[in-house]
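Each chain, written out:
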Amino acid sequence: MNSYKDLKVWQMAIDLAVDCYQLTRKFPREEVYGLTTQMRRAATSIAANIAEGHGREVTGSFIQFLRISQGSLKELETHMLISHRIGLIDESEFGQMTGKCDEIGRMIRALIRSLQEK
């Protein structure tokens with residue numbers, strides 16, 4: 001693997017961020033500086049931290065940034081749950097987005113375990 005762009009988890013995190021932007025476009029205007037911004041920031045942080053950690057070229061640093069990415073993923077999941085509970089995200093959208101989050105979370109954990117075993 002020569003680039004973080006080759007990582008399936010990074011590719012999926014980019015897709016999740018794009019999905020998050022599309023989802024939050026329909027949020028009310030008063031949420032522009034609330035949930036909209038928070039969700040977009042957390043979603044973009046997932047892929048960004050994977051890329052930054054890979055770019056450090058040190059396994060320990062990469063693992064640290066993968067853990068930060070996990071934290072951003074959990075933050076996004078929390079914002080989505082709140083958005084769902086207050087009626088900004090319907091059941092179908094919530095299920096699709098949380099399913100993607102679950103898969104990315106499993107992939108990040110697997111990558112961390114793989115790096116720790118080296």
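A short tour of the structure in this document, coming up. (Residues numbered from 1 in each chain as written. Predicted model: local features only at pLDDT ≥ 70, side-chain atom pairs only at ≥ 80, totals over all residues. Heavy atoms only, no water.)

## Structural notes on the overall build of the chain
For the chain, the count of helices and strands is 4 helices and 0 strands. Counting helices and strands in the order they occur from the N terminus, the chain gives α-α-α-α. Taken over C-alpha atoms, the radius of gyration comes to 15 Å for the chain, in line with the 13 Å a tight globule of 118 residues would show. Taken over the C-alpha atoms alone, the chain extends approximately 45 × 25 × 20 Å along its principal axes. Of all 118 residues assigned to the chain, the portion counted as buried reaches 44%. Across the chain, contacts joining residues at least 24 apart in sequence account for 70% of those joining residues at least 6 apart. (Helix = DSSP H or I, 4+ residues; strand = E, 2+ residues; numbered from the N terminus. Rg over C-alpha atoms; globule rule 2.2 N^0.38 Å. Buried < 20%, exposed > 50% of the residue type's maximum accessible area, 1.4 Å probe, protein only. Contact = heavy atoms within 4.5 Å.)

## Regarding the packing of aromatic side chains
Scanning all chains against the criterion turns up 1 aromatic pair. Ring geometry for Tyr 4 and Trp 10: centres 5.1 Å apart, planes at 75°, overall edge-to-face. Its relative accessible area of 17% is what places Trp 10 among the buried residues. (Phe/Tyr/Trp six-rings, centres within 6.5 Å; stacked < 30°, edge-to-face > 60°.)

## Here's the deal with the pattern of salt bridges
The full count for this structure, using the stated rule, is 5 salt bridges. For Glu 93, the salt bridge goes to Lys 26, with nearest N and O atoms at 2.3 Å. Here Glu 93, found in helix α4 (residues 91-117), pairs with Lys 26, found in the loop between α1 (8-24) and α2 (35-55); they are 67 residues apart in sequence, far enough to count as distant. In this structure Glu 93 comes out as buried when scored by relative accessible area, which is 19%. (Salt bridge = Lys/Arg side-chain N within 4 Å of Asp/Glu carboxyl O.)

## Some details on the side chain of Asn 49
In this fold, Asn 49 is placed in helix α2. When near neighbours in sequence (up to four residues on either side) are disregarded, Asn 49 contacts Phe 65, Ile 68, Ser 69 and Ser 72.

## Some points on α2
For the α-helix, the turn length of 3.6 residues means that residues three or four positions removed from each other point alike. Between its first and last C-alpha, α2 extends 30 Å over 21 residues, near the 30 Å set by a 1.5 Å rise per residue. Along α2, the sharpest change in direction is near 30° and occurs at Ile 46. Downstream of α2 by a residue or two, Glu 57 has a phi angle that is positive, lying close to 60°. (Expected span 1.5 Å × (residues − 1). Bend = angle between axes of the 7 residues up to and from the residue.)

## A closer look at the state of the cysteines
Within the structure shown, the criterion is met by 0 disulfides. Here Cys 101 stays unpaired: no disulfide links it, and the sulfur of Cys 20, its closest cysteine neighbor, is 8.5 Å away. (Disulfide = S-S within 2.5 Å.)

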